[in-house]
Amino acid sequence: MTTQVLEDAAPDVRPTLDYGRTIERSLAHRSAISEVFVTDVRTVRPMAVTSGIHLPLTHLYYSDHRPRPKLHDSLLLLEAGRQASIAGGHTNAGVPAGTVAIVHAFQFSLRNLSALRVGGEPGQPRIDTDFFGKTARHSGRFRKGRLEQRIFMGDVHVGDHAMDVLFLKGDENEILRHAQRGTPAPLSSEFTEWPGVVGRVAPELVGRDNPLNVVLTEPEFTAESVTAQVVPRFDNPALFDHSYDHLPAMALVEAARQLALVTAGAAPGPASASGSANLFAAGYEGGFQRFAELDVPLTATAARTPASDGRHTVRVRFRQDDQEIAELSVTVVDVSHLHGS
């Protein structure tokens, strides 16, 4: 293997970005134009790009949140970063079309939250991305990669994102999926409901208004933990933009967020003094060990921990067929103080 890294160079001159329209949807691996949030991708230097981002003011999924003041959704920024990395990987880092990128681990955190107020943006959003990759000696194809991103609203640095990825050809992905399951995987388009689902939690308890965006059953509480089944709606176009043979990683992150909001809102401490009404998920970190299957019940369990400095960090574990398939930590903060900022 050989590793490509960034070389010392003169200070970057940031290219001018176009915000007039979104990029071709295939570059972002999206089917619906409404689910594309990247407007432009420009090369800064080898293995580095900058991307213009469109943050919709109204969206069925990303705008459906109860906390006030209203902030741009952290998962909208995470999804925009994911799309910017995919498009930049194709146009700048030499990742061929048709490559399957499997996320192994990621870290995402927001800062300067007042700059994320909807309608009060300090400038056009953009994401700067650096790529680091390992190529196979004989084929020259990337096998493993890491990206590091910095997210800006105008000149205000509002977030950071890093992701470790495994790159597979389509047939390699099929071999991996068959090796894990032993049988062909069904597609999300074949389902109307999750196996064994009885009912979902009330939307307001997970910070939502629209029942379509609820992904958990009614949680069960103990002194140490909160547990729920993960049951996203297959007709949610944001979570299932196209047909999948597994539960997408972003759906797991959404499940972790909702369970973290329930857990933090029910736990004693300053951040939950008013329940979950003004709690905002500002950070995520974790890893994925196995694909989340669509035809097997999936359980999420969050540890109940006290707040520290007004912040809850809630660890969520996902289990399927008695195996842990993923573990994510969600950082939840109270944003009610931003009303006066």
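Scroll up to find the structure this text is about.
Conventions used here
Residues numbered from 1 in each chain as written. Predicted model: local features only at pLDDT ≥ 70, side-chain atom pairs only at ≥ 80, totals over all residues. Heavy atoms only, no water. Helix = DSSP H or I, 4+ residues; strand = E, 2+ residues; numbered from the N terminus. Pairing = 2+ DSSP bridges. Axes fitted to C-alpha atoms, helices over the stretch in contact; angles between N-to-C directions. Parallel < 35°, antiparallel > 145°, perpendicular 65-115°, else oblique. Left-handed = near helix turned anticlockwise from the far one by under 90°. Contact = heavy atoms within 4.5 Å. Phe/Tyr/Trp six-rings, centres within 6.5 Å; stacked < 30°, edge-to-face > 60°. Buried < 20%, exposed > 50% of the residue type's maximum accessible area, 1.4 Å probe, protein only.

**Some points on unusual backbone geometry**
So, step 1. A cis amide bond links Arg68 with the next residue in sequence, Pro69, at an omega value of 5°.
So, step 2. Located in the positive-phi region is Asp321, a residue other than glycine, with phi close to 55°.
So, step 3. Among the secondary structure elements, Asp321 is positioned in the loop between strand S12 (311–320) and strand S13 (323–334).

**Let's talk about the pairing of strand S7 (residues 156–168)**
So, step 1. Judged from the 10 bridges that link them, strand S4 (residues 100–110) and S7 form a sheet pairing that is antiparallel. The partner of Gln107 across the bridge, within S7, is Ala162.
So, step 2. The loop that links strand S6 (residues 142–153) with its antiparallel partner S7 comprises 2 residues; one of these, Gly154, has a positive phi angle of about 65°.

**Notes on the packing of helix H1 (residues 74–91) against helix H3 (residues 249–266)**
So, step 1. Interhelical geometry of H1 versus H3 gives an angle of 160° and a closest axis separation of 11 Å. Considered as vectors, H1 and H3 are oriented roughly antiparallel to each other. Crossing of H1 over H3 shows right-handed handedness. Each of Ser74, Leu75, Leu78 and Glu79 in H1 lies in contact with H3, whose residues at this interface are Met250, Val253, Glu254 and Arg257.

**Details of the packing of aromatic side chains**
Note on aromatic pairs: each is described by the distance of the centres and the angle between the planes.
So, step 1. Throughout the structure, instances matching the rule amount to 8 aromatic pairs.
So, step 2. Their ring planes at 10° and their centres at 5.3 Å tell us that Trp194 and Phe234 sit as a pair that is stacked. Here Trp194 is found in the loop between helix H2 (170–181) and strand S8 (220–221), whereas its partner Phe234 is found in the loop between strand S9 (225–229) and H3, with 40 residues between them in sequence.
So, step 3. Judged by its relative accessible area of 3%, Trp194 falls in the buried class.

Note that every value here comes from positions in space, so none of it alone points to a role or purpose.
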